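Spelled out from the first residue to the last, the chains are:
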Amino acid sequence: MTGYTRIAAAVALGLVGALGAGDVSAQVKVGAVLSITGPASFLGDPEKRTLELYVEDINAKGGVNGQKLQLVGYDDGADANAARTFATRLVEEDKVVAMVGGTTTGATLAMIPVFEDAQTPFISLAGAIQIIEPVRKWVFKTPHTDKMACEKIFGDLKARNLTTIALISGTDAFGKSMRDQCVAVAPKAGITIAHEESYGPRDSDMTPQLTNIKGKAGVQAVVNAGFAQGPAIVTRNYRQLGITLPLYQSHGVASKQFIDLAGPAANGVRLPASALLVADKLPDSDPQKPVVTGYKRTYEQKASQSVSTFGGHAYDGLMIFVEAAKRAGSFDKAKVRDEIEKTKNFIGTGGVVNMSPTDHMGLDLTAFRMLEIKNGDWTLVQ
């Protein structure tokens, strides 16, 4: 059995607790630093649940290379400094062979130097493109990038003959990164950003920023680059102000919790996301359908909550590691790293992954689906 146990020492870091999980008889330690509490908990909690239930399942089936896995996890509470501290602990004290985690961009960027210096494979679950560009030898990631999100949104805007937008973004690491990517991509996509606003991670009312957008002549749609609870507040305030322009969110809100937080205001919102959210709506010919329906069924039965793309990112990261270790025939970190980089035609919840020495994510734009929220549920935009 795997299960997270609280360690009081983490209270000094301002967290609810550090977390450790695993079978004491396990021989191979896999690390996970996740944002299980705090403002990114709706990302980190399904990641934690996913890693726990699949490590348990893998061990029940005999483990990997004849050895059982031990999941050693810590909760960074979305605090980048805490994440770096826990990363150091995983390397120096826990002696992990690999790391699957890093819920947020800020936490991931803080941990990268630790795993690079320790020459330990690190598969991040965060979104920003700078995690994998430039390529770092030991760092990989499973979610689609913020640059891809901008490209997918802009493609949908062009298809609707909408070319002039306002951009509102969070000031956290992910929000800043996606904002920068959208600004960079816009000219090539034929999109004009006529106005910009921003909000902080603790802001509880974005009415002033949205009022400015509402009064801007020529704006045809609004794009929100953000994650956590901010986009839900933006969505509610947007409807309260009576703004009728199309509203797009990032893949950083791709969970049922966003719909629950935004309420009826979420209806009509579009966002790019993985096929996982519309698993049952995919045609039988879609190669991802067996994977996403299988994960969705397993997760919802065992976790008793709706599936989210964030748990899916953790599933993909764990399975990419497991398959790489099997191909390596050992848990030698350098050999496992090499095999992760050679991942080809891996069908995950996020898409079909084909990594290379110049691409440590392995997804292209076809891995993204454009979704629209209708009647409190996800629908595919055809």
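Higher on the page you've got the structure.
These remarks concern the structure in this document. (Residues numbered from 1 in each chain as written. Predicted model: local features only at pLDDT ≥ 70, side-chain atom pairs only at ≥ 80, totals over all residues. Heavy atoms only, no water.)

1. Quick word on the sheet that holds strand β4 (residues 69-75)
No. 1: Taking strand neighbours across the sheet as the criterion, the 5 strands line up as β4-β3-β5-β6-β7 in an open arrangement whose pairing is parallel. A single partner strand is all that each edge strand has here, and the edge strands are β4 and β7 (139-141). The sheet shows a mean angle of 25° between the axes of neighbouring strands, taken without regard to direction.
No. 2: By the bridge criterion, 3 bridges tie strand β5 (residues 98-101) to strand β6 (residues 122-124) in an arrangement that is parallel. Residue pairing across strands places Gly101 opposite Ser124, the latter belonging to β6.
No. 3: Helix α1 (residues 41-60) contacts β3 (28-34), β4 and β5 of the sheet and is inclined by roughly 165° relative to β4. (Pairing = 2+ DSSP bridges. Helix = DSSP H or I, 4+ residues; strand = E, 2+ residues; numbered from the N terminus. Axes fitted to C-alpha atoms, helices over the stretch in contact; angles between N-to-C directions. Contact = heavy atoms within 4.5 Å.)

2. A look at the layout of surface pockets
No. 1: Of the volumes computed, that of the largest pocket is approximately 490 Å³.
No. 2: Pro39, Asp172, Pro201, Phe227 and Ala228 are, among the 23 residues lining the largest pocket, the residues nearest its centre.
No. 3: Those elements that provide at least two residues to the lining of the largest pocket are α3 (105-118), α5 (173-189) and α7 (230-240).
No. 4: Here the lining of the largest pocket takes 3 residues from α3, the largest share from any one element.
No. 5: Looking at the lining of the largest pocket residue by residue, the classes come out as 13 nonpolar, 7 polar and 3 charged.
No. 6: Each pocket or cavity is described by its volume, and for the second largest pocket that value is around 150 Å³. (1 Å grid on protein atoms, 1.4 Å probe; cavity = no way out; pocket = protein on both sides within 12 Å on 5 of 7 lines; lining within 4 Å. Points joined across faces, edges and corners; volume = space filled by probe spheres on them. Nonpolar A, V, L, I, M, F, W, Y, C, P; charged D, E, K, R; others polar.)

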